[in-house]
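Geometric and topological summary
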Amino acid sequence: MQRNGPVALIFHSLVVAFMLAPMVVVCLVAFTPENTLTMPWNSLSLRWFEAVFEHADFMASFWNSVRLALLSATISTFLAVPAALAITRYEFRGRDALNALFLSPLIIPHLVLGVAFLRLFSLMGATGSFAWLVATHAIVVSPYTLRLILASLTSMDRNAENAARTLGAGEWTVFCRITMPLLLPGISGGWLLAFINSFDELTMSIFVTSPSTVTLPVRMYMYASESIDPMMAAVSALMIAVATVTMIVLDRMFGLDRLLVGKG
Amino acid sequence: MSFLSVRNVSKYYGPVAAVDSFGLDVEKGEFISLLGPSGCGKTTTLQMVAGLVRPSAGTIMMGERDITHLPPPQRELGVVFQSYALFPHMTVAENVSFGLEMRKVAKAERDRRVKDILALVHLLALADRYPREMSGGQRQRVAIARALVINPPVLLLDEPLSNLDAQLREEMQFELRRIQQVVGITTIMVTHDQSEALSISDRVVVMEQGRITQVDTPYELYERPRNPFISSFVGKSNFLAATAEHHAGGATISIGNTGITFQANDRPKGKHVSVFIRPEKLRLTAPSEGQIEGTVTSRYFMGNQWLVSAKTPAGTLSVAVQNFGAPPPPIGEKVGLVWRNDDCRVLAAGAAE
């Protein structure tokens with residue numbers, strides 16, 4: 001492998017520093033003993049973390065977001081697997097339309113989606129229901145699951161399935177024993193991206209959550225618009241920690257390179 | 001009643017016939033090669049036998065049983081794919097054992113048969129490896145073992161050697177034949193490599209543009225190709241323009257511009273014919289001693305032989321000279337060319353060219 005020159009090295013370091021610095025600062029500020037957003041130069045304290053765990057609304061929102069992200073990522077994966085199989089393997093009318101439909105949440109601004117869903121739900125009388133919130137998130141994260149599953153489907157050697165057929169496997173056995181295991185990197189990678197995107201989603205959720213279904217980002221947004229104290233930093237640090245731990249676990253289990261870049 | 005009988009099978013993609021009225025009877029234990037350039041329909045034919053492609057017309061019989069419309073799992077044939085198509089998430093043993101599992105063979109019996117077949121392909125030591133940890137030749141043997149372990153009546157091989165490098169390919173060629181002979185399995189192999197087809201098959205089926213043009217033993221095919229395409233596709237050939245005078249016993253052939261005439265047993269149609277002769281059936285001699293005189297225009301050393309081209313009144317002729325004794329004359333030198341008229345084949349000019 002070619003080594004980077006000194007200029008390139010400095011450039012890369014600056015880019016990485018630029019990306020990481022805000023997160024590092026937030027995480028450090030979370031440990032401040034003061035009442036304002038300051039760096040903990042003199043002493044460290046866990047008081048703001050305690051404050052988060054004692055704040056019933058924040059904890060409720062956190063669990064709400066976790067449930068929401070788990071459900072919506074899983075539902076969108078269940079929809080994306082058959083959709084991806086249909087799109088890659090069959091010629092049918094409206095195939096491109098289906099593909100475009102699944103990708104459209106990426107193109108339509110979440111703000112517009114949020115307003116549209118809000119209007120729809122109030123017409124239906126469904127405002128504030130958690131089930132409908134899950135549905136909206138499943139729609140918004142489906143492009144991620146579909147894209148990654150499509151990618152692993154198109155790179156898959158279909159003759160492996162044919163080989164299984166010639167060895168006596170029926171269609172269902174082929175799907176369970178060959179297709180699914182070979183798709184697993186795409187499915188888990190897509191699921192992970194979907195989970196993170198749902199957990200993070202703010203713009204649309206502001207419109208479609210109700211007081212009983214407030215998600216963590218929405219709660220933070222509401223809290224931050226009133227006052228800024230180090231508890232926000234503590235919440236952010238916790239979110240970063242959750243994401244990091246998830247990534248590390250997945251990397252150990254499957255290898256992130258394989259999941260996200262598709263390296264064999 | 002032959003063992004496997006493919007009768008008038010065709011495959012159309014729209015108006016285009018990928019395979020056109022393919023008919024072939026295969027005997028038990030035979031090794032058949034389907035040989036042809038890419039796009040000639042040989043792989044489509046194999047896939048129709050395997051059940052992976054649905055024939056547009058015709059029937060495929062296994063003995064008394066019509067398998068034309070059976071799905072692949074019920075045909076119980078062994079198939080080796082060009083890409084090997086191993087299951088990447090399973091070990092070698094798991095790959096090989098898959099077909100036995102599908103047949104609900106008991107665990108102990110399964111293990112024994114997997115072990116036996118891996119021993120046959122010399123891979124016993126690698127049973128717990130994953131395909132990605134193996135070389136191309138090893139993967140290929142796994143694919144063969146996986147196809148053979150279910151004791152299929154017929155083994156289908158799709159370009160099994162094309163992904164291997166030259167040296168390994170030659171080795172695996174004979175290995176393939178050895179395994180086939182040990183197991184005694186009826187085999188159909190698709191290949192575009194004529195030397196592969198000639199060296200290990202009992203019979204070779206040549207296909208051009210979806211049709212069979214010749215079915216013969218390798219020796220017959222090489223010595224008596226039915227048309228100019230086959231004679232140049234299977235081995236190398238020199239072509240000479242000639243005219244034929246037909247008479248009761250055969251024909252008198254005159255090679256253009258040379259005054260050389262000879263009696264041929266072949267009876268090609270028409271007056272204008274092609275005479276073809278293999279490079280190794282020509283011999284170089286002193287200029288005055290040959291049937292025809294020429295000048296050496298190129299000379300390539302191939303190791304075991306020299307490939308010499310000589311310009312003669314009848315056209316440029318290639319001569320293969322064994323690397324035995326002194327090297328052949330250099331470029332620019334006058335030479336004589338000698339051959340036996342019996343080694344010449346006469347074909348209608350331009351047929352299927």
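Residues numbered from 1 in each chain as written. Chains lettered and ligands numbered in written order. Predicted model: local features only at pLDDT ≥ 70, side-chain atom pairs only at ≥ 80, totals over all residues. Heavy atoms only, no water.

1. Some words on the packing of helix α3 (residues 56-89) of chain A against helix α6 (residues 130-154) of chain A
Residue and element names in this part refer to chain A. Here α3 crosses α6 at 45°, and the two axes come no closer than 5 Å. Between α3 and α6, the crossing angle belongs to the class labelled oblique. For α3 against α6, the interelement crossing comes out right-handed. (Axes fitted to C-alpha atoms, helices over the stretch in contact; angles between N-to-C directions. Helix = DSSP H or I, 4+ residues; strand = E, 2+ residues; numbered from the N terminus. Parallel < 35°, antiparallel > 145°, perpendicular 65-115°, else oblique. Left-handed = near helix turned anticlockwise from the far one by under 90°.)

2. A look at the interface of chain A and chain B
With 16 residues of chain A at the contact, the number on the chain B side is 20 residues. Summed over both partners, the interface of chain A with chain B comes to about 1,600 Å²; 69% of that surface belongs to carbon and sulfur atoms. It is Thr166(A), Leu167(A) and Arg177(A) that lose the most area in chain A upon contact with chain B, and together they represent 43% of the buried surface on that side. Joining chain A to chain B, the criterion identifies 1 salt bridge. A salt bridge links Glu101(B) to Arg177(A); its shortest N-O distance comes to 2.9 Å. Where chain A packs against chain B, one counts 4 residue pairs in polar contact (both at pLDDT 80 or more). Those elements that provide at least two residues to the side of chain A that touches chain B are α7 (159-166) and α8 (171-200) of chain A. The dominant element in the side of chain A that touches chain B, judged by the number of residues it contributes, is α7(A), at 7 residues. Across the side of chain A that touches chain B, the residue classes break down as 8 nonpolar, 5 polar and 3 charged. (Contact = heavy atoms within 4.5 Å. Buried area = accessible area lost by both parts, 1.4 Å probe. Salt bridge = Lys/Arg side-chain N within 4 Å of Asp/Glu carboxyl O. Polar contact = N/O pair within 3.5 Å; in protein donor to acceptor, adjacent residues only side chain to side chain. Nonpolar A, V, L, I, M, F, W, Y, C, P; charged D, E, K, R; others polar.)

3. Quick word on the confidence of the model for chain A
The predicted model of chain A averages 87 in pLDDT, with 95% of residues at 70 or higher. When pLDDT is averaged over each helix and strand of chain A, the minimum, 62, is found for helix α12 (residues 256-261) of chain A and the maximum, 93, for α7(A). (pLDDT = per-residue confidence, 0-100.)

4. Comments concerning the nonpolar core
Ranked by size, the top nonpolar core spans 91 residues in total, and within it Ile178(A), Phe87(B), Val96(B), Phe98(B), Leu118(B) and Leu156(B) carry the most contacts. Filtering out sequence-adjacent residues up to four positions away, Leu118(B) remains in contact with Val92(B), Val96(B), Leu123(B), Leu124(B), Ala127(B) and Ala145(B). (Core = buried A, V, L, I, M, F, W, Y, C linked by side-chain atoms within 4.5 Å. Buried < 20%, exposed > 50% of the residue type's maximum accessible area, 1.4 Å probe, protein only.)

5. Remarks on the environment of Val121(B)
All names here are of chain B. Secondary-structure assignment places Val-121 in the loop between α4 (107-120) and α5 (136-148). On the basis of relative accessible area, Val-121 is assigned to the buried category, the value being 0%. For Val-121 and Glu-223, which are 102 residues apart along the polypeptide, the C-alpha to C-alpha distance reads 34 Å. Look past the residues within four positions of Val-121 in its chain and what remains in contact with it is Arg-141, Ala-145 and Ile-179.

6. A word on the pairing of strand β18 (residues 315-322) of chain B
Residues and elements named next belong to chain B. Here 8 bridges tie strand β17 (residues 305-312) to β18, and the two strands are oriented antiparallel to one another. Counterpart to Ala-310 in the pairing with β18 is Leu-317. The hairpin formed by β17 and β18 contains 2 residues between the paired strands. (Pairing = 2+ DSSP bridges.)

7. Here we look at the sheet that holds strand β11 (residues 238-247) of chain B
All names here are of chain B. Strands sit in the order β13-β12-β11-β14-β20 across an open sheet of 5 strands; the sheet is antiparallel. The two strands at the open ends of the sheet, each matched to only one other strand, are β13 (260-264) and β20 (345-348). Between one strand axis and the next, the sheet turns through 40° on average, direction left out of account. As paired strands, β11 and strand β14 (residues 272-277) are joined by 6 bridges and run antiparallel to one another. Among the inter-strand pairings, Phe-239 is bridged to a residue of β14, identified as Phe-276.

8. A word on helix α6 (residues 166-183) of chain B
Residues and elements named next belong to chain B. Across its 18 residues, α6 extends 26 Å between first and last C-alpha, which sits within 8% of the 26 Å expected from 1.5 Å per residue. Here α6 has its buried residues at Met-172, Gln-173, Glu-175, Leu-176, Arg-177, Ile-179 and Gln-180. Tucked inside the fold, the buried residues of α6 contact β3 (31-35), α4, α5, β7 (154-158), β8 (186-191) and α7 (194-200). Phi turns positive, to about 70°, at Gly-184, one or two residues after α6. (Expected span 1.5 Å × (residues − 1).)

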